[in-house]
Amino acid sequence: MRLLTVSHLEKAFDGNRAVDGVSFSVAAGELLALIGPNGAGKSTVFNMLNGQLGADAGSILLGDQELLGRAPRDIWRMGVGRTFQIAETFGSLTVLENVQLALLSADRKLFSIWHRAARHKREEAMELLLRVGMAGQAERPCGVLAYGDVKRVELAIAVANSPRLLLMDEPTAGMAPQERIELMALTRQWVTRRGLAVLFTEHSMDVVFAFADRIVVLAGGRVIADGKPADIRNNPRVQEVYFGSGKTFDNTLRSRDTA
Ligand code: ADP
Ligand code: MG
């Protein structure tokens, strides 16, 4: 079943066509990777999906509801979650408090409710932390956590509202290869268990090919390929965009990803 349907989406910045007629869809229970070289338009697509950026043309349907023109908070309420960046996790609050706050609030900026909230949602928050392997660090301030652990907390926060669609723009940026694998394996569990749909961007092709059910490739603001990992891996146009002619993912990946 199609959950998200993006059609003919367009966005230009001062005449630069950052997103130039992009169409793709995501099904419930599907992990879809949106990949492409730097400047391909991936983040611009994400920011239109979550309502941070308006579109020039096109349509973004969640089920049969149009998302374009809605505020980020409304889109969040409709069931589109996203992973927040590290700076948006409250460093002085504990791991547990951060997840409790996420369970209570859409934008997690409502400090005033915090004192009333402290007793609430504790069990639910602990359950989420168990799932991401962070229950043991629940009482530590987020500010002292290792980077990979912050990312796990961010994932718990992102799924706190039980989204139908989760947007993850470079969720594993800055992580060690093993941590990347672990984070995506956790994400995969949610996809399978709850029928969650995930749209993610990712630089590590090892991660993309290991976890994506399907891959959409952007270049110059356009979709140049859309298919299963095996098809994308062998697609000459994709290989050319990434490596120039003559090289393939298989003989290039290892050195790049471990660099
Ligand atoms: P990606 O995430 O695939 O690296 P982006 O979506 O960030 O690509 O960028 C696509 C293009 O749009 C790039 O040429 C970039 O310079 C341009 N761009 C992105 N955001 C802005 C902005 N806020 N203002 C002007 N140009 C932008
Ligand atoms: Mg980007």
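Bear in mind the structure is a predicted one, so any value in this text is a computation, not a measurement.

J.: Explain helix H6 (residues 147-159) to me, and be specific about the residues and the numbers.
T.: Compared with the 18 Å implied by 1.5 Å per residue over 13 residues, the 19 Å span of H6 between its first and last C-alpha is a close match. Within H6, the full set of buried residues consists of Gly148, Asp149, Val150, Lys151, Arg152, Val153, Glu154, Leu155, Ala156, Ile157, Ala158 and Val159. On its buried face, H6 is in contact with strand E6 (80-82), helix H3 (95-104), helix H5 (122-131), strand E7 (165-169) and helix H7 (177-194).

J.: Describe the pairing of strand E4 (residues 57-62), naming the residues involved and giving the relevant values.
T.: As a general feature of sheets, a regular strand has side chains that alternate between the two faces. Alignment of strand E1 (residues 2-13) against E4, held across 5 bridges, turns out to be antiparallel. When the sheet's bridge partners are listed, Leu4 is paired in E4 with Leu62. Both E4 and strand E5 (residues 65-66) contribute to a ladder of 2 bridges, which runs antiparallel. Bridge pairing links Leu61 to Glu66 in E5. The loop that links E4 with its antiparallel partner E5 comprises 2 residues; one of these, Gly63, has a positive phi angle of about 60 degrees.

J.: Explain the site of ligand 1 to me, using residue names and the numbers behind them.
T.: As a matter of local geometry, ligand 1 sits amid Phe13, Asn16, Ala18, Pro37, Asn38, Gly39, Ala40, Gly41, Lys42, Ser43 and Thr44. Within the backbone of Ala40, one N or O atom sits 3.2 Å away from an oxygen atom of ligand 1. At 2.9 Å from an oxygen atom of ligand 1 is found a main-chain nitrogen or oxygen belonging to Ser43. Protein chains bury 58% of the 560 Å² of accessible surface belonging to ligand 1 in isolation. Among the secondary structure elements, those contributing two or more residues to the shell around ligand 1 are strand E2 (16-27) and helix H1 (42-49). Counting residues per element, the shell around ligand 1 draws most heavily on H1, at 3 residues. A per-class count over the shell around ligand 1 returns 4 nonpolar, 6 polar and 1 charged.

J.: Quick one: what's the story with the sheet that holds E5, residue by residue and with numbers?
T.: Pairing is antiparallel across the open sheet formed by 4 strands, whose spatial order is E2-E1-E4-E5. Each having just a single partner strand, E2 and E5 make up the two edges of the open sheet. Against the sheet, H1 makes contact with E1, E2 and E4, and its axis sits at roughly 115 degrees relative to E1, the strand it touches most.

J.: Go over the pairing of E2, please, and point to the residues and values.
T.: In this sheet, E2 lies alongside E1 in antiparallel orientation, the contact comprising 9 bridges. Opposite Lys11, over in E2, you have Val19 as the bridge partner. Once E1 ends, the chain turns through 2 residues before running back antiparallel as E2, passing Asp14 with a positive phi of about 50 degrees.

J.: Explain the confidence of the model for the protein chain to me, and be specific about the residues and the numbers.
T.: With 86% of its residues at a pLDDT of at least 70, the protein chain reaches an overall mean of 86. Predicted confidence is poor over residues 255-259, with pLDDT under 50, and the contacts of this stretch with residues over four places away or in other chains come to 8 contacts.

J.: Describe the pattern of salt bridges, naming the residues involved and giving the relevant values.
T.: For side chains of opposite charge, pairing can occur when their charged atoms come near one another. For the coordinates displayed, the defined rule picks out 12 salt bridges. Between Glu154 and Lys151 there is a salt bridge whose closest N-O contact spans 3.6 Å. Taken together, the positions of Glu154 and Lys151, both in helix H6 and 3 residues apart, correspond to about one turn of that helix. Neither residue differs from the other here; Glu154 and Lys151 are each classed as buried. Arg152 is the salt-bridge partner of Glu182, the closest N and O atoms lying 2.9 Å from each other.

Cut-offs applied
- Residues numbered from 1 in each chain as written.
- Chains lettered and ligands numbered in written order.
- Predicted model: local features only at pLDDT ≥ 70, side-chain atom pairs only at ≥ 80, totals over all residues.
- Heavy atoms only, no water.
- Helix = DSSP H or I, 4+ residues; strand = E, 2+ residues; numbered from the N terminus.
- Expected span 1.5 Å × (residues − 1).
- Buried < 20%, exposed > 50% of the residue type's maximum accessible area, 1.4 Å probe, protein only.
- Contact = heavy atoms within 4.5 Å.
- Pairing = 2+ DSSP bridges.
- Near = heavy atom within 4 Å.
- Polar contact = N/O pair within 3.5 Å; in protein donor to acceptor, adjacent residues only side chain to side chain.
- Areas by Shrake-Rupley, 256 points an atom, 1.4 Å probe, with all protein chains shown as cover.
- Nonpolar A, V, L, I, M, F, W, Y, C, P; charged D, E, K, R; others polar.
- Axes fitted to C-alpha atoms, helices over the stretch in contact; angles between N-to-C directions.
- pLDDT = per-residue confidence, 0-100.
- Salt bridge = Lys/Arg side-chain N within 4 Å of Asp/Glu carboxyl O.

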